[in-house]
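Spelled out from the first residue to the last, the chains are:
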Amino acid sequence: MAGEIPDLFATERTGTGKGAARQARREQLVPGIVYGGGAEPLPINLKYNELLKRLKAGRFLSTLFNLKVEGQEDVRVICRGVQRDVVKDLPIHVDLMRLRRTSRINLFIPVEFVGHEKSPGLKRGGVLTVVRPEVELMVTAGEIPEKLIVDLSGLNVGDIVHISDVALPEGTRPTITDRDFVIANISAPSGLRSADSEEGEEG
């Protein structure tokens, strides 16, 4: 199961329409709406500075959040849209969708590499080059894997790890299905590469 799902704090917005939204922005808040999940839409306000920090951190549209609104039950949500000011490019409205435990969503899952000490290539001084430190998977909201494990045991210099080499958690699949993309490879150390090229030149 997943590690900590980050909390997203909000307050319920009283009043609807442009007037209430303008008032929220004057108070350094960003208006938003929470919808879906078989419940009524809930108008909310998010703190502008906190939202901006989340947006700058990246992956905001593909991160699962635990939404906390005072007076409401916590609910898992994913952002489905951020409206921005056309001139300043700053957030002015957010759409959040409630998720059921059975909802299917795309999330980036981090990759953890193990077995370094059992890799002949790394023992010879090879270098692990990580092409994808995280992989976008289609997952079920109630069963989100914490990470993907890539075992480097037995890998030599020149070996490549593709997504097909990784044991994916049950019920998940990559969002990219048309090619067997690379996760990492073990390349030769620079000294070994230069020695090989010299031998080639002599031959």
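Here the structure is a predicted model, which is why all the values come from computation and not from measurement.

A. Layout of the environment of Gly115. If you trace the backbone, Gly115 turns up in the loop between β7 (104-114) and α3 (120-123). Look at Gly115 and you get buried, because its relative accessible area is 11%. Sequence spacing of Gly115 and Val150 is 35 residues, and the spatial spacing of their C-alpha atoms is 8.4 Å.

B. Representation of the domain arrangement of the protein within the structure. Domain annotation for the protein reports domain 1 (7-98) and domain 2 (104-197). Here domain 1 and domain 2 have C-alpha centroids that lie 35 Å from each other. Opposite the seven residues of domain 1 that make contact, domain 2 presents eight residues. Summing both partners gives a buried area of about 560 Å² for domain 1 against domain 2, and 60% of it is carried by carbon and sulfur. Its largest share of buried area at the contact with domain 2, domain 1 owes to Arg59, Ser62 and Leu64, together 67% of the area lost on that side. Between domain 1 and domain 2 we count one salt bridge in total. Our count for the contact surface shared by domain 1 and domain 2 stands at two residue pairs in polar contact (both at pLDDT 80 or more). Ranked by residues supplied to the side of domain 1 that touches domain 2, first place goes to strand β5 (residues 75-84) with three residues. Counted by class, the side of domain 1 that touches domain 2 contains two nonpolar, two polar and three charged residues.

C. Quick look at the pairing of strand β6 (residues 91-98). Summarising the sheet, strand β2 (residues 29-35) and β6 pair through four bridges and their orientation is parallel. Directly across from Tyr35, in β6, lies its bridge partner Met97. Strand direction decides the pairing type here: β5 and β6, joined by seven bridges, are antiparallel. When the sheet's bridge partners are listed, Val77 is paired in β6 with Arg98. Between β5 and β6, which follow one another and run antiparallel, lie six residues, and Asp89 among them has a positive phi close to 60°.

D. Helix α1 (residues 17-26), seen in detail. Among all positions in α1, only Ala20, Ala21 and Ala24 are buried. Take α1 and look down its axis: the buried residues cluster within an arc of 100°, on one side only. Exposed residues lying more than 90 degrees from the buried face of α1 are Lys18 and Arg26. Packing partners of the buried residues in α1 comprise β2 and β3 (42-47). One or two steps after α1, the chain reaches Gln28, where phi turns positive at roughly 60°.

E. Broad picture of the UniProt feature "domain: Large ribosomal subunit protein bL25 L25" (unreviewed entry) in the protein. In this numbering, the UniProt entry assigns the feature "domain: Large ribosomal subunit protein bL25 L25" (unreviewed entry) to residues 10-96. Helix makes up 23% of residues 10-96 and strand 44%, whereas the separation of the span's terminal C-alpha atoms amounts to 11 Å.

F. Focus on unusual backbone geometry. A positive phi angle, close to 60°, is found at Gln28, a residue other than glycine. As for its position among the elements, Gln28 is in the loop between α1 and β2. Even without being a glycine, Asp89 presents a positive backbone phi close to 60°.

Here is what the cut-offs are and how they apply
- Residues numbered from 1 in each chain as written.
- Predicted model: local features only at pLDDT ≥ 70, side-chain atom pairs only at ≥ 80, totals over all residues.
- Heavy atoms only, no water.
- Helix = DSSP H or I, 4+ residues; strand = E, 2+ residues; numbered from the N terminus.
- Buried < 20%, exposed > 50% of the residue type's maximum accessible area, 1.4 Å probe, protein only.
- Domains from an automatic or database assignment.
- Contact = heavy atoms within 4.5 Å.
- Buried area = accessible area lost by both parts, 1.4 Å probe.
- Salt bridge = Lys/Arg side-chain N within 4 Å of Asp/Glu carboxyl O.
- Polar contact = N/O pair within 3.5 Å; in protein donor to acceptor, adjacent residues only side chain to side chain.
- Nonpolar A, V, L, I, M, F, W, Y, C, P; charged D, E, K, R; others polar.
- Pairing = 2+ DSSP bridges.
- Arc of directions from axis to C-beta.
- UniProt positions renumbered as here; feature names shortened; annotations may be inferred.

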